[in-house]
Amino acid sequence: MILNTLLAGALTLGTLAAPAPPAVTWKECPAYSDDVLRSRGLAEKDFPEFRRLLARTDCGTLKVPQNYADPGGKQITIALTRLKATDTKRRLGSLAVNPGGPGGSGYLMPFELIMSGLKVNDRYDLIGVDPRGIGYSTKAACEGLMPKEPPPGPITEAQARKEYAAAAKANHKCGTSDPGFIGQLTTANIARDLDRVRAALGERKLNFLGVSWGTWLGTTYRALFPGRAGRMWLDSVANPVPKMDLFTEVRAMATDRNFRRMAAWIAERDAEYGFGDSTDEVVGALTRLREKYAADPVTFTDIDVTIDGRMIAEAAGQPSVAWPDVSEVLGELVDATGPEAPPALKRLFHENGPPAPEDAPERQNLVAQVALFCNEDLGPRTFEPAWNAYRQRLKRYPVTGEASAFRPLCAGWPLPPQPSRPAKGGGSLVLSGHLHENQSPYEWTKQTRAAAGGHVVTIDDDVHGSALRTPGCLAAIAAYFETGRLANTCPGVPMPSR
């Protein structure tokens, strides 16, 4: 949510002497309505706790160079929050957090961590940051970046070429709309911004907790500023090689691998789902189901959804927490003809929660996400390699392959790549990897450990970022930041019994 040199240019810039950072400009925090809190997934019983935390939060902004090669030039704004440690006598320092994405807002992440049960705020100031391009910070924006999805049914080569051309045109337009800013949306620059936050807060070292793309940010910070990195825990470790074609390929492999765990789980419950009592039988039945909907998509008018082969493939790639619902839906789809949706499918679409109101803070910035990927991507960006790889995945992964990308994300991106790579750095490092997940396959944890060092914590589940949500792992994270104590594993999300 990633090749031959390790941050060569970035390391040079990272160690340049820079002017003293400005002080944080502290100001009143934004207010959040009940509708905004609901849109963020909070239950009404949790509203008072959120507002209690908000009442003791410091909100501020900080000016940083748009381009660190020109530190006295144009400045942009970085927005941050601070929840001060409650036990000031035993305070250990500041702990910055990042949710990944890339393009995700970290502004309110300290609240989410505390409300999930992470007990570190007694001894650490928790620092939430909106990275450059995102949320309350100077925001990245351009129109029409992502083309519309193709019509339901199998993707033909002609449709794929049309989508590729539209994406390349949109990407080129976006990248040239404000290259001075968009070209500076890189992991290394966000790490430099983070170090300016550290200095502005008066900290000698900065501790860090990141997930997904936040692991790129963490390893980059350690490499650029080895003497300023404190304790660091990185969960669901991202691809250490900045090539989007490799990113797509490894994810597709991991998705099919976990789907076969799902097929075994369904086979153990044949009486309930009826797809067969062996893994091979379930795989065969779901292959036929995907092929059926690929050839003849069905529109359910009461929920305005068309189910095609791609949606079956996406359903088959879900983590284990969703297997009971997904299996029920897939079972209903065997004989569904429309136009009315079967009950389980209808229930899932009605449980998506309320839309975010207009005044809701940004949680994900798509422009920043594409820029952060494409400004560092060293993979091919032409049509043929992506299309040929997609066709091979359809054969190799007959159930899940259709959900993978058929065109390169960075088609037409006009700006030169500025890749970041993990490297040995300073401070203590923990990398927690999930054995079965597909968003950040476990292989990436081991590869990052080989490149950057650190201690691996292995989690036996398939849920992206679950270390920040499960009690046992939250306790291990808290113990690490308080004492430096290392675990070898922690309990992840359990497999569903039904």
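Residues numbered from 1 in each chain as written. Predicted model: local features only at pLDDT ≥ 70, side-chain atom pairs only at ≥ 80, totals over all residues. Heavy atoms only, no water.

(A) Representation of the state of the cysteines in the model. With the rule as written, the count across this model stands at four disulfides. The disulfide partner of Cys473 is Cys490, and the gap between their sulfur atoms is 2.0 Å. Taking the sign of the S-S torsion, about 95° here, the bridge from Cys473 to Cys490 comes out right-handed. With a gap of 17 residues between them, Cys473 in helix α18 (residues 471-483) and Cys490 in the segment after α18 connect regions that are remote in the sequence. Of the two residues, Cys473 and Cys490, neither departs from the other in class, the shared state being buried. If you count the bonded cysteines of the protein from the N-terminus, they pair up as 1-2, 3-4, 5-6, 7-8. (Disulfide = S-S within 2.5 Å. Helix = DSSP H or I, 4+ residues; strand = E, 2+ residues; numbered from the N terminus. Buried < 20%, exposed > 50% of the residue type's maximum accessible area, 1.4 Å probe, protein only.)

(B) Representation of the side chain of Asn121 in the model. Within the secondary structure, Asn121 is located in the loop between α4 (109-116) and β5 (124-130). A distance of 2.3 Å separates a polar atom in the side chain of Asn121 from a polar atom in the side chain of Arg56. Of note is the side chain of Asn121, whose polar atom sits 3.0 Å from the backbone oxygen of Leu83. When residues no more than four places from it in sequence are discounted, the contact partners of Asn121 are Arg56, Leu83, Lys84, Ala85, Thr86, Ile114 and Leu126. (Polar contact = N/O pair within 3.5 Å; in protein donor to acceptor, adjacent residues only side chain to side chain. Contact = heavy atoms within 4.5 Å.)

(C) Structural context of the nonpolar core. Grouped together as the largest cluster of nonpolar side chains are 52 residues, with contacts concentrated most on Leu80, Leu194, Tyr221 and Trp413. The element contributing the most residues to this core is helix α15 (residues 366-374), with six residues. Not counting residues up to four positions away in its chain, the partners in contact with Trp413 are Asn171, Cys174, Gly175, Ile182, Val370, Ala371, Cys374, Asn375 and Arg381. One finds Phe47, Ala79, Leu118 and Leu126 within the second-largest nonpolar core, a separate group that totals 40 residues. (Core = buried A, V, L, I, M, F, W, Y, C linked by side-chain atoms within 4.5 Å.)

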